[in-house]
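Geometric and topological summary
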Amino acid sequence: MGGSAPRRDHRLPVETTSFVDRRGELAAGRELLARTRLVTLTGPGGVGKTRLAARIATAVRRTFPDGVRCVHLSGLDDPQLVPLAAADALDLHDHSARPPLQALVERVRDRRLLLLIDNCEHLLPACAELAAALLHGTTGVRILATSRHRLGLTEEHLLDVRPLPVPDPDSDLSAPEGYPALALFADRAAAVVPGFRLTAANRTAVARLCRRLDGLPLAIELAAVRMRVLDVDQLLDRLDDRYRLLTGGSPAALPRHQTLRAAVDWSHELCTGRERLVWARLSVLAGSFDLETAEAVCAGEVGGPGAEPPAGSRGGAPGGVDRAEPLEDGTGRDGGGDKLPAATITRLHPQDVLHPQDVLHPQDVLHPQDVLNPQDVLHPHDILDAIAGLVDKSVLSRESGPDGTRYRLLDTLRHYGLDRLRRLPGEEPAARRRQRDWMLHRAAACERAWFGPGQRAIVARLRADQDNLRTALDFSLTTPGDRLPGLRLAGTLWFYWHACGAPREGRHWLDRALAANPEPTPERARGLWIAGLLAAATHDLTAGLSLARDAHALAQDLDDEAEAAHAAYAIGVITLFLGDLPTALEHFETSVARGPVPGQHLSLYGLDQVELACALGFLGEADRAVEVCERARRMCERHGEEWVHSYVLRMLALAHTVQRDWRRAEHHARRALRLKLAVHDVLGIALTLDLLAHVATETRAHERAAVLLGAADRTWSGIDRDRWGSAALNATRHDSETRTREALNGPVFQRAYERGTRLGLTETVAYAVTDDRRPKATPDVTGARGTTDTADPTGTRRTDGRPRSPHLTTGVHLTRRETEVAELVAQGLANQQIADRLVIARRTAEGHVERILGKLGFSNRSQIAAWVAAQR
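Everything numeric here is computed off the predicted structure, so don't read it as measured data.

**Concerning the sheet that holds strand S4 (residues 141-147)**
Ordered in space as S2-S3-S4-S1-S5, the 5 strands form an open sheet in which the pairing is parallel. Each edge of the open sheet carries a strand with a single partner, namely strand S2 (68-72) and strand S5 (157-160). Each strand axis lies, on average, 20 degrees off the axis of its neighbour in the sheet, ignoring direction. Bridge count between strand S1 (residues 38-42) and S5: 4 bridges; the pairing is parallel. Bridging from a neighbouring strand, Thr 42 pairs with Asp 160 of S5. Strand contacts of helix H1 (residues 23-35): S1, strand S3 (113-118), S4 and S5, with the helix running at about 175 degrees to S5, the strand carrying the most contacts.

**Overview of the environment of Glu 301**
Assignment of secondary structure puts Glu 301 in strand S6 (residues 300-301). The exposure class assigned to Glu 301 is partly exposed, which follows from its relative accessible area of 35%. Sequence separation between Glu 301 and His 379 is 78 residues, and the spatial gap between their C-alpha atoms is 8.9 Å.

**Side note on the layout of surface pockets**
Here the second largest pocket defines a volume of roughly 980 Å³. What lines the second largest pocket is a set of 36 residues, among which Phe 618, Arg 650, Ser 726, Ala 728 and Leu 729 lie closest to the centre.

**Some remarks on the pattern of salt bridges**
This structure, assessed with the given rule, holds 63 salt bridges. Across the pair Arg 109 and Glu 106 runs a salt bridge whose closest N-O atoms are separated by 3.1 Å. Arg 109 sits in the partly exposed class, given a relative accessible area of 36%. We classify Glu 106 as partly exposed; its relative accessible area is 24%. With its nearest N and O atoms 3.0 Å apart, the salt bridge here joins Arg 817 to Glu 820. Of the two residues, Arg 817 and Glu 820 are both situated in helix H36 (residues 816-826); the distance of 3 residues between them amounts to about one turn of the helix. According to the relative accessible area criterion, Arg 817 is partly exposed, its value standing at 28%. Judged by its relative accessible area of 28%, Glu 820 falls in the partly exposed class. A single salt-bridge network, built from bridges that share partners, covers Asp 290, Glu 292, Asp 403, Arg 406, Arg 442, Arg 461 and Asp 465.

**A look at the nonpolar core**
In terms of nonpolar packing, the biggest core is built from 155 residues, with Leu 73, Leu 151, Leu 489, Trp 497 and Trp 529 touching the most fellow members. Among residues more than four places away in sequence, those in contact with Leu 73 are Ala 85, Ile 117, Asp 118, Asn 119, Cys 120, His 122, Leu 123 and Cys 127. Ranked by size, the runner-up nonpolar core spans 81 residues in total, among them Val 192, Ala 219, Leu 236 and Leu 418.

**Topic: the state of the cysteines**
On inspection of all chains with the given rule, the structure shows 0 disulfides. Looking at the unpaired Cys 70, the closest cysteine sulfur is the one in Cys 120, lying at 9.9 Å. According to the relative accessible area criterion, Cys 70 is buried, its value standing at 2%.

**Focus on the packing of helix H16 (residues 427-449) against helix H18 (residues 466-477)**
Pairs of packed helices are described in terms of their axes, by the angle between the two and the distance that separates them. The geometry of H16 relative to H18 is characterised by a closest axis approach of 9 Å and an angle of 120 degrees between their N-to-C directions. The pairing of H16 with H18 is recorded here as oblique in orientation. Every pair of crossing elements has a handedness; the one defined by H16 and H18 is left-handed. For the pair formed by H16 and H18, the contact residues are Pro 429, Arg 432, Arg 433, Gln 435, Arg 436 and Met 439 on the first element and Asn 468, Leu 469, Thr 471, Ala 472, Phe 475 and Ser 476 on the second. A per-class count over the contact of H16 with H18 returns 5 nonpolar, 4 polar and 3 charged.

**Focus: empty space enclosed by the protein**
If a probe the size of a water molecule is rolled over the atoms, the empty space left behind becomes visible. Counted according to the given criterion, the structure contains 3 cavities of 30 Å³ or more. Looking at the largest cavity, its volume works out to about 260 Å³. For the largest cavity, the lining is made up of 21 residues, of which Leu 84, Ala 87, Asp 88, Leu 92 and Gly 501 are closest to its centre. Secondary-structure elements contributing two or more residues to the lining of the largest cavity are helix H3 (82-89), helix H4 (100-107), H18 and helix H21 (503-516). Top element by residues in the lining of the largest cavity is H3. It accounts for 5 residues.

**Points about helix H5 (residues 124-137)**
A rise of 1.5 Å per residue sets the reference length of H5, with its 14 residues, at 20 Å; its end C-alpha atoms lie 20 Å apart and thus fit the reference within 8%. Within H5, 10 of the 14 residues are buried, which leaves it mostly tucked inside the rest of the structure. For H5, every residue scored as buried is listed here: Leu 124, Ala 126, Cys 127, Ala 128, Leu 130, Ala 131, Ala 132, Leu 134, Leu 135 and Gly 137. Turning to H5, the residues buried within the fold contact S1, H3, H4, S3 and S4.

**Focus: the pairing of S2**
By the criterion of burial, S2 is predominantly enclosed, with 4 of the 5 residues buried. Pairing between S2 and S3: 5 bridges, direction parallel. Residue Val 68 lies in a different strand from S3, and its bridge partner there is Leu 114.

**Section: the confidence of the model for the protein chain**
Here the protein chain shows a mean pLDDT of 81. Residues at 70 or above account for 81%. Here helix H35 (residues 806-810) stands out as the element of the protein chain with the lowest mean pLDDT, 32, in contrast to helix H19 (residues 483-492), whose mean of 97 is the highest.

**Side note on helix H37 (residues 831-838)**
Side chains that are three or four residues apart share a direction in an α-helix, a result of its 3.6 residues per turn. If you check which residues of H37 are buried, you get Asn 831, Ile 834, Ala 835 and Leu 838. Looking straight down H37, one finds its buried side chains confined to an arc of 100 degrees; they lie on one side. One or two steps after H37, the chain reaches Val 839, where phi turns positive at roughly 55 degrees.

**A closer look at the side chain of Thr 697**
Along the chain, the position of Thr 697 falls in helix H30 (residues 682-698). Not counting the four nearest positions on each side in its chain, Thr 697 is found in contact with His 702, Ala 705, Ser 736, Arg 739 and Thr 740.

**Focus: the environment of Val 626**
Its location among the elements puts Val 626 in helix H27 (residues 622-639). Those residues within four positions of Val 626 in sequence are excluded, and the remaining contacts are Leu 652, Ala 655, His 656 and Gln 659.

**Thoughts on the packing of aromatic side chains**
By the definition in use, this model includes 11 aromatic pairs. With 6.5 Å between their ring centres and 50 degrees between their planes, Trp 450 and Trp 643 make a pair best called tilted. Within this pair, whereas Trp 450 is found in the loop between H16 and helix H17 (455-464), its partner Trp 643 is found in helix H28 (residues 643-658), the two being separated by 193 residues in sequence. The burial state of Trp 450 is the same as that of Trp 643; both residues are buried. Both rings, one in Trp 494 and one in Phe 495, keep their centres 6.0 Å apart while their planes meet at 80 degrees; by these two values the pair is edge-to-face. As far as burial versus exposure is concerned, Trp 494 and Phe 495 are alike and both buried. Here the aromatic residues Trp 450, Trp 494, Phe 495, Trp 529, Trp 643 and Tyr 647 are joined through ring pairs into a cluster of three or more. Positioned above the aromatic ring of Tyr 647 is the side chain of Lys 676, whose terminal nitrogen or guanidinium carbon lies 3.2 Å from the ring centre. For Arg 704, the ring lying beneath its charged end belongs to Tyr 767, and the centroid distance is 5.0 Å.

Definitions and limits used
- Residues numbered from 1 in each chain as written.
- Predicted model: local features only at pLDDT ≥ 70, side-chain atom pairs only at ≥ 80, totals over all residues.
- Heavy atoms only, no water.
- Pairing = 2+ DSSP bridges.
- Helix = DSSP H or I, 4+ residues; strand = E, 2+ residues; numbered from the N terminus.
- Axes fitted to C-alpha atoms, helices over the stretch in contact; angles between N-to-C directions.
- Contact = heavy atoms within 4.5 Å.
- Buried < 20%, exposed > 50% of the residue type's maximum accessible area, 1.4 Å probe, protein only.
- 1 Å grid on protein atoms, 1.4 Å probe; cavity = no way out; pocket = protein on both sides within 12 Å on 5 of 7 lines; lining within 4 Å.
- Points joined across faces, edges and corners; volume = space filled by probe spheres on them.
- Salt bridge = Lys/Arg side-chain N within 4 Å of Asp/Glu carboxyl O.
- Core = buried A, V, L, I, M, F, W, Y, C linked by side-chain atoms within 4.5 Å.
- Disulfide = S-S within 2.5 Å.
- Parallel < 35°, antiparallel > 145°, perpendicular 65-115°, else oblique.
- Left-handed = near helix turned anticlockwise from the far one by under 90°.
- Nonpolar A, V, L, I, M, F, W, Y, C, P; charged D, E, K, R; others polar.
- Expected span 1.5 Å × (residues − 1).
- pLDDT = per-residue confidence, 0-100.
- Arc of directions from axis to C-beta.
- Phe/Tyr/Trp six-rings, centres within 6.5 Å; stacked < 30°, edge-to-face > 60°.
- Lys NZ or Arg CZ within 6 Å of the ring centre and 35° of its normal.

Structure, rendered in structure tokens:
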């Protein structure tokens, strides 16, 4: 039993500042995507690859009925997690036993979508493998990647993203708006100096400044922030002084790859001592973070005792981290490392920061006293002030999170901070331990509160912290002396891995943690039963049972009653999955009769009751199953719990189907669906839809049963099309379909079934929980089918499901050519294919599609396809 957490936002990034004109690159990107399936935007850091890729994806999204999704890789360092990150972005919830990449390809084989893979450079082999698998295993998936280096595939087409063009400062600048670099500076300067604009008096200085910055957007933005205290001429003078230091006197000799480093160095020097140290310490955070996390990671003494592990951390003396060697690609991603000799300090990527020939001399190495006095301590209020200053200087970006404001270091600036942190003796391992301990503290608090009313907020917070959780786990499991806290963290997150649809990633971390911690400890006992439960969730029942039994034996040897009870639940539920009903029944009767033991999590005791009811229902003892469920339901309601409660309600519905009390079965199943949608339990929704389709079949609501079958199959397609090969699940579904087909003629069944497959998750539940509600059309901002499509996106059906006259419902007429184009859109053709078929220009085809969308009031191509189908 497991669910799925609300996904992080894997749609295209929301733009918070204006986008400078890159018409040429936008047009080139669109053209490449129209004729090839893999386009990689390459260029140095800070040049604007991510922003341009998002713009290109936005421009072409209407051509992808199944949407545009973005895989953010900047906070990911483990190549094995790349397929899981892609599946997460695509909102897939695979529970099959297939390898992750194979399962991903299978899930999207029939989809037509664009996948934007952002920041590939530090995971090139894994990204290339992902891209190759999708290109060879599907026909409708296209890939837009951003990377400082090409992926190296023969199918790859490159789009070189160059710095913004800058005019000659001594040329005619009477039309500065024609130069994007000048426009970008003016826009960002106006944000800090209201009313600033390009004038005849300042245009030459601005052009000279932008040229000195090589037209790099990030460098220009960082420089523009300085307009708060300097004018343009002062900016230029100070920048020239800095460049002379780097080049021995001639600013003209500065190579482009050092331009960004100089701009970032300058921003760093203008920070206060506390801001510099906070910047450096925050660099251990791979993703976004809230103020509490910043305070936990950054507060503490400067140097000396501040490098000691915080209280509560087991093991791990100062300097216990393995010495990190410089990475070949120079990105500085190693997950840990003590102070290095000056000649081997890990650097940022050469294109971003340092030239390959550059050497940091002993005088370049920082010491704590270079930043703050050794006696200084950073208090929480210091962190808040430093965060405010870094936001003000555009070092940190501010964004909305599930529980308030969050912050993020741009990837280039994060690696700059990490480079600075590694120059401070003992600081990096100390900061990473504080970050790990804070993640452990937060995870433990979430686990304690899990069986209660705050589940939705807990899931949203952990999803937002996912990259930082991964960083904490990786640091612990690769650092001698810190491996046991890593196992403790992986085990504490059991509810996240199991209930929130992350069994594959959970097992990945637990397998690593168990291998790193072979000693017999309570942490190992917990890790073993969780690994067993997650193995069963991906249909590896034999391995799961073995792990759970090992956990139970170890817990008994340790006299740990709570972990023994948890392991017993895993043994029982796997036994139930294996079909040994009598043994499972006896097992759960004993567990429920015993009651919760001290330290046992109430969620798992609640699941003991759910599985007992399940075994009773399958054995035909429906009355006893209802009695068990009612007790469990009351316990959940007392605590305001939703996840276990949704399974209790589903079991109640199942028990009432055994009693053939269809009214009560439908009532409880609908209540279960509402709760499952609230906690985004996609697996539970799929199971409950099958149950409701069965109820509809039994009550002769055949057209409704067909819609529910279509919706259930659509939901299962992201989990396991074969329903794990379960004889019981597949037999029930087959029986419902056979009887429904017999009751309806073929076309009627097919129309109703396809209507169900077009429902998104929210619309599916809205349809399933009411008798006559029809989901209303909603804008589809991604063009993703199955996310915001509706049962009747065109409004061309009557309440009996038969087509209405299109003129009565839409009030529009398509021209003959528009009708031809609409038919081809319905066949799944992209604009270029339509153009080829009709022997017209691609731009003409695009214009027809846009006019059709406008006339019909639609927002995506899938709605056109549904409208065309409704007219037939």
